[in-house]
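# Geometric and topological summary
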Amino acid sequence: MIKTRFAPSPTGYLHIGGARTALFSWAFARKQGGKFILRIEDTDLERSTQQSVQAILDGMAWLGLDYDEGPYYQMQRLNRYQEVAEQLLKQGLAYHCYASREELDVLREQQRQAGLKPRYDGRWRDSKQTPPPGVTPVVRFKTPQEGYAVFDDLVKGRIAVANHELDDLVLLRSDGTPTYNFGVVLDDLDMGVTHVIRGDDHVNNTPRQINILKALGAPIPQYAHVPMILGADGERLSKRHGAISVMHYRDQGYLPEALVNYLARLGWSHGDEEIFSKEQLVEWFDLAAINRSPAKFNPEKLTWLSQHYLKVADNARLTELAMPFLLERKYALPGEENLLQIVGLLKERVSTVEELANASTYFFQAIEPAEALRAQYCTAEIRPVLEYLTDRLAQIEWERAAIHQEIKQTVSSYKLKFPNLAMPLRVMVTGGTQTPAIDAVLQLIGKEETLRRLRDQLHASFQ
């Protein structure tokens, strides 16, 4: 049974890089008919918070990355880590280290001044000295001093690291909590993880983890280290590049399918396909297709995908998603049918649900045109045309076709081109120049409100 996992640390939100790792792990498990596990690595007691745990769970749910097992929590498994550490101590594969933090700081500074790589010097590895009183030791792993840790990375190819380059890492801290490298090894072993898909910032951890697994006589999973995501400037992705919480994208009104599609294309591809569903991602996903070079985060590409998904989204769903944004603005909202039509009219012109709500303002309240627009379009020459049209509109059944016919007839009567009347009409009724077809807009604003706005603007513009 193929098993993958996503194992975030709850020290912050679910960010873009973590979400992509989760997506790739999820897609591989689904493609292989395997299982996907969620595990919360919460042993960093100073930085882990329940709020961050909830942010991770909410982010996974919003992206639709369902898991078959979990969430597991490392802090609920402390006995297991301590039990295995004791086992390694008894077998002579680990030892107690009593070196204080101050001692180790001095050691590292001496190594730096000597031009050496800072590392633990093994001073308690085979020590016969009496342990200092009152010191609770850490447990260190006896890293093999000969040979190599070798693995065939499913993205990067074969990697070999000489064991003598690795120092004796801490397995258990003095408070009994496991370090990352020890906890992750036992978790993956106990949970039957067969494929570890994670960021390539963990490549250097992998030889250490392989050595621990060998010491335990345990099977070694296959590893796939995914290159990091960079900003457009080639620097490591950060908040200034837009690398924010995935839930921030939800709060800005992006659709989850747009973000999933975008994340999948950050470092993975299937031919030239740019737009695809989660189902297609699962069908096509292959670890061999992950690029070896870093991906670059491009907000414009995400916006383009978001525009596509909004265009094809169901109007009722978009209306429901837009409702919190509309209620926040305290608009007097029309009936459901009108809202559905407004959403249908605007969704092809925006890239997020929030933009959709912003773009709909003139349907719910009158907006005063800027003086520059008023001067440009509300001229003395157009006044009689607008007055004539207003009178004509007051006499018709309020349907789009009839509104269009009256605009068309007025244009013809005054020997104008359609935009010569449509633009001033648009400015007076909506306060701007960028709207969908003006006849459709007027129909949804309603007869009484359209006529009121026209008469108010005729009075204000031509006093």
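These numbers were taken from a predicted model, which means no experiment stands behind them.

Here we take up the sheet that holds strand 4 (residues 94-97). In spatial order, the strands read 4-5-8; together these 3 strands make up an open sheet with antiparallel pairing. This sheet does not close on itself; its edge strands, each paired only once, are strand 4 and strand 8 (170-172). Averaged over all pairs of adjacent strands, the angle between strand axes in this sheet comes to 45°, irrespective of strand direction. One ladder, built from 4 bridges, connects strand 4 with strand 5 (residues 138-141); its direction is antiparallel.

Packing of helix 12 (residues 336-346) against helix 19 (residues 438-445) brings their axes to within 10 Å, and their N-to-C directions diverge by 155°. Relative to helix 19, helix 12 is oriented roughly antiparallel. Here helix 12 and helix 19 pass one another in a crossing that is left-handed. Across the interface between the two elements, Asn-338, Gln-341, Ile-342 and Leu-345 of helix 12 pack against Ala-440, Val-441 and Leu-444 of helix 19. Looking at the contact of helix 12 with helix 19 residue by residue, the class counts come to 5 nonpolar, 2 polar and no charged.

Before going further, it helps to spend a moment on empty space enclosed by the protein. If you walk through the whole model with that rule in mind, you get 1 cavity of 30 Å³ or more. What the largest cavity holds in volume is close to 50 Å³. Lining the largest cavity are Ala-322, Leu-326, Leu-339, Ile-342, Val-343, Leu-346, Leu-356, Ala-357, Ser-360 and Phe-364. Secondary structure elements with two or more residues in the lining of the largest cavity: helix 11 (315-328), helix 12 and helix 13 (353-359). With 4 residues, helix 12 is the single largest residue contributor to the lining of the largest cavity. Across the lining of the largest cavity, the residue classes break down as 9 nonpolar, 1 polar and no charged.

Looking now at the side chain of His-195. Within the secondary structure layout, His-195 lies in strand 9 (residues 195-199). His-195 sits in the buried class, given a relative accessible area of 7%. For His-195, the side chain forms a polar contact with the side chain of Gln-222, separated by 3.0 Å.

One number sums up the size of the second largest pocket: a volume of about 180 Å³. Lining the second largest pocket are Lys-117, Pro-118, Arg-119, Ile-159, Val-161, Glu-165, Leu-166, Asp-167, Val-203, Asn-204, Pro-207 and Arg-208. Contributing elements (two or more residues each) for the lining of the second largest pocket: strand 7 (157-162) and helix 6 (206-215). For the lining of the second largest pocket, the residue count by class is 6 nonpolar, 1 polar and 5 charged.

Moving on, we come to the packing of aromatic side chains. Counted by the stated rule, this structure contains 11 aromatic pairs. For the pair Phe-24 and Phe-285, a centre-to-centre distance of 5.4 Å together with 40° between the ring planes defines the contact as tilted. Note that Phe-24 is positioned in helix 1 (residues 16-31) and Phe-285 in the loop between helix 9 (278-284) and strand 12 (295-296), a separation of 261 residues in sequence. The pair formed by Phe-24 and Phe-285 is uniform in burial state, with each residue classed as buried. Each residue in the set Phe-24, Trp-268, Phe-276, Trp-284 and Phe-285 is aromatic and connected to the rest through ring pairs, giving one cluster. When the ring centre of Tyr-120 is taken as origin, the NZ or CZ atom of Arg-140, which lies over that ring, is 3.6 Å away.

About the criteria used
- Residues numbered from 1 in each chain as written.
- Predicted model: local features only at pLDDT ≥ 70, side-chain atom pairs only at ≥ 80, totals over all residues.
- Heavy atoms only, no water.
- Pairing = 2+ DSSP bridges.
- Helix = DSSP H or I, 4+ residues; strand = E, 2+ residues; numbered from the N terminus.
- Axes fitted to C-alpha atoms, helices over the stretch in contact; angles between N-to-C directions.
- Parallel < 35°, antiparallel > 145°, perpendicular 65-115°, else oblique.
- Left-handed = near helix turned anticlockwise from the far one by under 90°.
- Contact = heavy atoms within 4.5 Å.
- Nonpolar A, V, L, I, M, F, W, Y, C, P; charged D, E, K, R; others polar.
- 1 Å grid on protein atoms, 1.4 Å probe; cavity = no way out; pocket = protein on both sides within 12 Å on 5 of 7 lines; lining within 4 Å.
- Points joined across faces, edges and corners; volume = space filled by probe spheres on them.
- Buried < 20%, exposed > 50% of the residue type's maximum accessible area, 1.4 Å probe, protein only.
- Polar contact = N/O pair within 3.5 Å; in protein donor to acceptor, adjacent residues only side chain to side chain.
- Phe/Tyr/Trp six-rings, centres within 6.5 Å; stacked < 30°, edge-to-face > 60°.
- Lys NZ or Arg CZ within 6 Å of the ring centre and 35° of its normal.

Interpretation in functional terms is not warranted from these geometric data alone.
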